[in-house]
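Tertiary structure, described
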Amino acid sequence: MRILILLLFMLACSPKYEVIQEVHPGMYHTQGLKNKDVILYKTDTKLNIGDIVIIPNKIKKKNANN
């Protein structure tokens, strides 16, 4: 039960991003809903414009170092 509550808390607090456009096949331009940060997000999952995604912190830190 504690694990479920912890997972729900982590998902609720995670920043959410809206898909703005597909830049290349599998690479999407996303913008933060709260802070308007822009991240290029690469994924094998097909996303549509307007979809809301949660980008893991590990990926955001990797992109910030490049």
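First, a word on what this report is: a plain description of the structure on this page. Model, not experiment: these values are computed from the prediction.

Some thoughts on the sheet that holds strand β4 (residues 52-54)
- What the 4 strands build is an open sheet, ordered β3-β2-β1-β4; its pairing is antiparallel. Of all the strands in the sheet, the pair left with one neighbour each is β3 (38-42) and β4. The mean inter-strand angle of the sheet, taken between neighbouring strand axes irrespective of direction, is 45°.
- With 5 bridges joining them, strand β2 (residues 27-32) and β3 adopt antiparallel strand pairing. Counted as the bridge partner of M27 is K42 from β3.

Concerning the environment of K16
- Within the secondary structure layout, K16 lies in strand β1 (residues 16-24).
- When the C-alpha atoms of K16 and I52 are compared, they prove to be 6.4 Å apart, with 36 residues separating the residues in sequence.

Digging into the side chain of T30
- Relative to the helices and strands, T30 resides in strand β2.
- Those residues in contact with T30, other than ones at most four positions away along the chain, are Y17, E18, V19, I20, D37, V38, I39, Y41, V53 and I55.

Quick word on the side chain of T43
- Checked against the element boundaries, T43 lands in the loop between β3 and β4.
- There is a polar contact of 3.2 Å between the side chain of T43 and the backbone nitrogen of T45.
- Once residues within four sequence positions are removed from consideration, T43 is found in contact with G26 and Y28.

Quick word on the pairing of β1
- Relative to β4, β1 runs antiparallel, the two being bridged by 3 bridges. The partner of K16 across the bridge, within β4, is I54.
- What sits between β1 and β2 in their antiparallel hairpin is a turn of 2 residues, with G26 showing a positive phi close to 85°.

Criteria and thresholds
- Residues numbered from 1 in each chain as written.
- Predicted model: local features only at pLDDT ≥ 70, side-chain atom pairs only at ≥ 80, totals over all residues.
- Heavy atoms only, no water.
- Pairing = 2+ DSSP bridges.
- Helix = DSSP H or I, 4+ residues; strand = E, 2+ residues; numbered from the N terminus.
- Axes fitted to C-alpha atoms, helices over the stretch in contact; angles between N-to-C directions.
- Contact = heavy atoms within 4.5 Å.
- Polar contact = N/O pair within 3.5 Å; in protein donor to acceptor, adjacent residues only side chain to side chain.

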